Amino acid sequence: MTDAKVIHEIPIYAMKKEELHRKYAKLASTYRAEYSHSDKETVNALIALASYPQRLWEYNHLVGFIQISATCQDILFDVFLPTPPRKRYIWRSGKKIFFHNVSANGTHFYVNEKTPNSNIQTRVAEMLSGVIKEHIPTRYYVDTVAFDNTNPVLDYRKIMDNA
C-alpha cells in the first residue's frame with residue numbers, strides 16, 4: 001500500500017434523508033392507528049422508543065463510503081461497500097454492516113507536475129461522478145455535499161507536493 005493522504009471520505013447512505021422521514025412517518029402512523037385507544041403522550045413515547053436511534057439521519061444509515069486520496073503523482077478513489085452485498089436494507093435493523101474495499105478498477109488518475117490545480121479539481125469531480133455511476137448501486141444515496149463545497153477551493157497541488 002502506498003503512503004497516500006486521505007483528502008475526502010464521502011458517505012454512502014442506504015436512502016435519502018427524505019426517504020427516512022417518509023419511513024418514520026409511516027411507522028408513526030401505524031403506531032397511532034394501533035394504539036388509538038391510548039393517550040397521545042404514551043403513543044409518542046412508544047414511537048420514539050421503537051424508532052431510536054434509527055430515526056436519526058446523521059451516519060446511522062451508512063452502507064459504505066468513497067475515499068479520495070493523493071500520492072505525489074496520483075489521485076486515488078477507493079470504494080467501500082457492505083460485505084456480503086445487501087439486496088435489501090432494513091432501516092430499523094440493529095444488525096451491524098461491515099465494509100470492504102471493492103477494488104474498483106480504473107478509479108485513479110495520474111497527475112503530472114505541470115497540471116494546474118483547477119484541472120485537478122475538475123478531473124476529481126468528473127472521476128467521482130464516474131465512480132458513483134459505475135460502482136455504487138442506484139438504490140443508494142451518495143452524500144456529496146461536503147465534497148461539492150470543498151473541491152472548488154482545495155489545493156490538490158499543495159497536498160500532492162507534500163505527499
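Considerations on the overall build of the protein
- Counting secondary structure elements, the protein contains five helices and six strands.
- Shown N-terminal to C-terminal, the secondary structure of the protein runs as helices and strands in the order β-α-α-β-β-β-β-α-β-α-α.
- In the protein, which comprises 163 residues, the share counted as buried stands at 36%.
- Within the protein, residue pairs in contact and separated by at least 24 positions form 73% of the contacts whose partners lie at least 6 positions apart.
- Here the protein displays about 10,300 Å² of accessible surface, and carbon together with sulfur accounts for 52% of that area.

Some points on helix H2 (residues 40–51)
- Counted at 1.5 Å a residue, the expected span for H2 with its 12 residues is 16 Å, and the 16 Å between its end C-alpha atoms agrees.
- Within H2 the residues assigned to the buried category are Val43, Ile47, Ala50 and Ser51. Viewed end-on, H2 has its buried residues packed into an arc of 85°, placing them on one side of the element. Seen from the open side of H2, the exposed residues pointing more than 90 degrees away from its buried face are Glu41 and Leu49.
- At its buried positions, H2 is contacted by helix H1 (17–34).

Comments concerning H1
- Look at H1: 26 Å from first C-alpha to last across 18 residues, which is about the 26 Å you get at 1.5 Å a residue.
- Those residues of H1 not exposed but buried are Leu20, Leu27, Ala28 and Tyr31. Buried positions in H1, seen along its axis, are confined to an arc of 100° and lie on one side of it. Of the exposed residues in H1, those oriented more than 90 degrees away from the buried face are Glu18, Lys26 and Ala33.
- Looking at the buried side of H1, the elements it contacts are H2.

Definitions and limits used
- Residues numbered from 1 in each chain as written.
- Predicted model: local features only at pLDDT ≥ 70, side-chain atom pairs only at ≥ 80, totals over all residues.
- Heavy atoms only, no water.
- Helix = DSSP H or I, 4+ residues; strand = E, 2+ residues; numbered from the N terminus.
- Buried < 20%, exposed > 50% of the residue type's maximum accessible area, 1.4 Å probe, protein only.
- Contact = heavy atoms within 4.5 Å.
- Areas by Shrake-Rupley, 256 points an atom, 1.4 Å probe, with all protein chains shown as cover.
- Expected span 1.5 Å × (residues − 1).
- Arc of directions from axis to C-beta.

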